[in-house]
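Residues per chain, in single letters:
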Amino acid sequence: MDQTDCRIIELLDADGRLSLADIGKEVDLTGPAVGERLRHLREQGYITGFGARLDLRALGYSIQALVRIKPRSGQLHAVEKMIQEQPRFMSCDRVTGDDCYVTRLAIADVSELDDILLPFHERAETHTSIVKSSIFEPRLPPLRPAR
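Since we're looking at a predicted model, the values are computed, not measured.

Rules used in this analysis
Residues numbered from 1 in each chain as written. Predicted model: local features only at pLDDT ≥ 70, side-chain atom pairs only at ≥ 80, totals over all residues. Heavy atoms only, no water. Axes fitted to C-alpha atoms, helices over the stretch in contact; angles between N-to-C directions. Helix = DSSP H or I, 4+ residues; strand = E, 2+ residues; numbered from the N terminus. Parallel < 35°, antiparallel > 145°, perpendicular 65-115°, else oblique. Contact = heavy atoms within 4.5 Å. Nonpolar A, V, L, I, M, F, W, Y, C, P; charged D, E, K, R; others polar. Pairing = 2+ DSSP bridges. Salt bridge = Lys/Arg side-chain N within 4 Å of Asp/Glu carboxyl O. Expected span 1.5 Å × (residues − 1). Buried < 20%, exposed > 50% of the residue type's maximum accessible area, 1.4 Å probe, protein only. Arc of directions from axis to C-beta.

Contact geometry of helix 1 (residues 3-14) with helix 3 (residues 31-43) gives a least axis separation of 11 Å together with a crossing angle of 90°. In terms of axis orientation, helix 1 runs roughly perpendicular to helix 3. Here Thr4, Asp5, Ile8, Ile9 and Leu12 of helix 1 lie close against helix 3, whose contacting residues are Val34, Arg37, Leu38 and Leu41. Of the residues that constitute the contact of helix 1 with helix 3, the class distribution is six nonpolar, one polar and two charged.

If you want it as structure tokens, here you go:
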């Protein structure tokens, strides 16, 4: 990955609907050359997919919650499966420290927390924080050309 590849990724991150020609103008390449670079970036695993950024409020999810989950002894795999099967969990990270998982939930109303989290209480401890606001949305870290 070189500096041009880094710039292509940054441009796509800012606007995933840019045409190859538009990206090419920004990086001084032809559209087909940009397409070839994107193909290589995917093959090499730098780009794993493309997607849309959604307004969760517009979709009816006015609240997000961060939930730290600590499975009880012998319940790690069962709890992980429960997390994977609950579609309201938007992300889940395995972490070090007192908790095993840190998750993010999308909910329409605080009352939905009980419906989602009560099934976990037989197998895990949960600690929930309501997200008041986000300073910024997920973003790319600074990109560096491969050495």
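Time to look at the pairing of strand 2 (residues 89-94). Direction of pairing for strand 2 relative to strand 3 (residues 101-107): antiparallel, over a ladder of five bridges. Each residue of the ladder has a partner; that of Ser91, found in strand 3, is Arg104. Linking strand 2 to strand 3, which pair antiparallel, is a turn of six residues; within it Gly97 sits at a positive phi near 105°.

With that settled, consider the pattern of salt bridges. As enumerated under the stated definition, the model contains twelve salt bridges in all. Here Asp22 ties to Lys25 by a salt bridge, and the two come within 4.0 Å at their closest N and O atoms. Taken as a pair, Asp22 and Lys25 lie in helix 2 (residues 20-27) at a separation of three residues, close to a single helical turn. Each of the salt bridges in this network shares a partner with another, and the network as a whole consists of Asp2, Asp5 and Arg37.

Turning our attention to helix 3. With 13 residues, helix 3 extends 18 Å from end C-alpha to end C-alpha; this agrees with the ideal 18 Å at 1.5 Å per step. When we look at burial in helix 3, the residues that qualify are Gly31, Val34, Leu38 and Leu41. Down the axis of helix 3, the smallest arc covering the buried residues is 80°, so these residues share one side. In helix 3, the exposed residues that point more than 90 degrees away from the buried face are Pro32 and Glu43. Elements in contact with the buried residues of helix 3: helix 1 and helix 2.

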